[in-house]
Amino acid sequence: MRSYYYISSTYFLEHINMKIAYLQKKIEILEKKVDGRPEGHIKGKRRGDGWQYFYCPDLSNSKWKYIKKEDVSSLVDLGQWKYDYKYLVSARDELNQLLKIRTYYESGAADIVYDEMPDYMKKLVVPVEMTADDVIERWKGKKYINKSFSSNDPELYSENGERMRSKSEVMIANTLLHLGFPYIYEKPLKLKSYGTVYPDFTLWDFQNSCEVYWEHFGMMDDPDYLQKALAKISDYEACGLMLGQRLIITFETMRMPLSSKPLENKLNYLLRCKKPSKW
């Protein structure tokens, strides 16, 4: 079965499995609780803002007996049993349905249609669903004009062989690579008033099918640089690219350089941009 890019499918299956495990545990507990059924039956009648309770030992040959308010607690065990029994019956039915859904879902009946086509036919169609690799290839395959380097820029390269402008960018790129986050370096983006910018890294949000932009600000102790950085962030948000959602930033100063551990911690909140292994 192919591995598709709708990461919500992963969450769907995880939630199904969690609910199955939850119901199985509750069923195991309730099967023991309902083993001994208290005798009798209960019915209630509305009276003002409260209820009147009646008890009958045997519906076939007994009359309903009114239960005084101070004796209602004697019905608790029977009431609880009735609730537990009905919950158990419904839980068993829900569990059986979820097991069927999971089995059918995992069969990938629609997913394998493309896989089972002969190769000559695959060349003629675009599959309804695409693998994560398909999505990444299509996303990265779009042409754009790179931002040029000047003769004064240092010769720095990531492990992917991409030339970059700072050691911190190389650190970020290598961390993204090691943790399985596909990215594009300095892909142009037009902001409302700031003009065309080149986010240091553009990531793909597999869950929401949109781009996420990562800006690294490396000289935040320089007042002029700081003002420009704040203006840039403000313009991102003016375009609906909100900080913490579709805009991610890292920063450093001379006294507080970027380090790898906080970088990895930040990426733990960006799992929607990590290439899914399966879903």
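These numbers were taken from a predicted model, which means no experiment stands behind them.

Undergrad: Residues and numbers for the overall build of the chain, please.
TA: A count of helices and strands for the chain gives eight helices and eleven strands. Rg of the C-alpha trace for the chain: 31 Å, well past the compact-globule value of 19 Å for 279 residues, more than 25% over. A sequence separation of at least 24 residues applies to 59% of the contacts in the chain between residues at least 6 apart. Total accessible area computed for the chain in this model is approximately 18400 Å², and 54% of it derives from carbon and sulfur atoms. Taking the average location of the 43 positive side-chain charges in the chain and that of its 39 negative ones, the two points are 7 Å from each other.

Undergrad: Could you give me a rundown of the sheet that holds strand β11 (residues 247-251), with the residues and numbers involved?
TA: Strands sit in the order β6-β9-β10-β11 across an open sheet of four strands; the sheet is mixed. The open sheet is flanked by β6 (183-185) and β11, the only strands paired with a single partner. Mean inter-strand twist for the sheet, computed between neighbouring axes without regard to direction, equals 25°. Direction of pairing for strand β10 (residues 210-217) relative to β11: parallel, over a ladder of five bridges. Bridging across to β11, Glu215 finds its partner in Ile249.

Undergrad: Run through the sheet that holds strand β1 (residues 41-47), naming residues and quoting values.
TA: The sheet built from three strands is open, its strands ordered β1-β2-β3 with antiparallel pairing. Lying at the two open borders of the sheet, with one neighbouring strand each, are β1 and β3 (65-67). Across the sheet, the mean angle separating the axes of adjacent strands is 35° when strand polarity is ignored. With seven bridges connecting them, β1 and strand β2 (residues 50-56) associate as antiparallel partners.

Undergrad: An account of the environment of Asp35 is needed here, citing residue identities and associated values.
TA: Checked against the element boundaries, Asp35 lands in the loop between α1 (7-33) and β1. Asp35 gets classed as exposed once you look at its relative accessible area, which sits at 69%.

Undergrad: So, the pattern of salt bridges: which residues are in play, and what are the values?
TA: Tallied over the full model, the rule gives eleven salt bridges. With a closest N to O distance of 3.7 Å, Arg163 and Glu155 form a salt bridge. With relative accessibility at 22%, the residue Arg163 sits in the partly exposed group. With its nearest N and O atoms 3.1 Å apart, the salt bridge here joins Lys232 to Glu215. A residue pair is termed long-range when its members are at least 10 positions apart, and Lys232 in helix α7 (residues 223-238) and Glu215 in strand β10 qualify at 17 residues. Per residue, the accessibility class of Lys232 equals that of Glu215, and both read buried. Here the salt bridges share partners, and the residues they tie into one network are Asp153, Arg165 and Glu186.

Undergrad: Tell me about the state of the cysteines, and please be specific about residues and values.
TA: Under the counting rule described, the total for this entry stands at zero disulfides. The cysteine Cys273 is free of any disulfide, with Cys210 supplying the nearest cysteine sulfur at 7.6 Å. Judged by its relative accessible area of 0%, Cys273 falls in the buried class.

Procedures and definitions
- Residues numbered from 1 in each chain as written.
- Predicted model: local features only at pLDDT ≥ 70, side-chain atom pairs only at ≥ 80, totals over all residues.
- Heavy atoms only, no water.
- Helix = DSSP H or I, 4+ residues; strand = E, 2+ residues; numbered from the N terminus.
- Rg over C-alpha atoms; globule rule 2.2 N^0.38 Å.
- Contact = heavy atoms within 4.5 Å.
- Areas by Shrake-Rupley, 256 points an atom, 1.4 Å probe, with all protein chains shown as cover.
- Lys, Arg positive; Asp, Glu negative; His and termini not counted.
- Charge placed at Lys NZ, Arg CZ, Asp CG, Glu CD.
- Pairing = 2+ DSSP bridges.
- Axes fitted to C-alpha atoms, helices over the stretch in contact; angles between N-to-C directions.
- Buried < 20%, exposed > 50% of the residue type's maximum accessible area, 1.4 Å probe, protein only.
- Salt bridge = Lys/Arg side-chain N within 4 Å of Asp/Glu carboxyl O.
- Disulfide = S-S within 2.5 Å.

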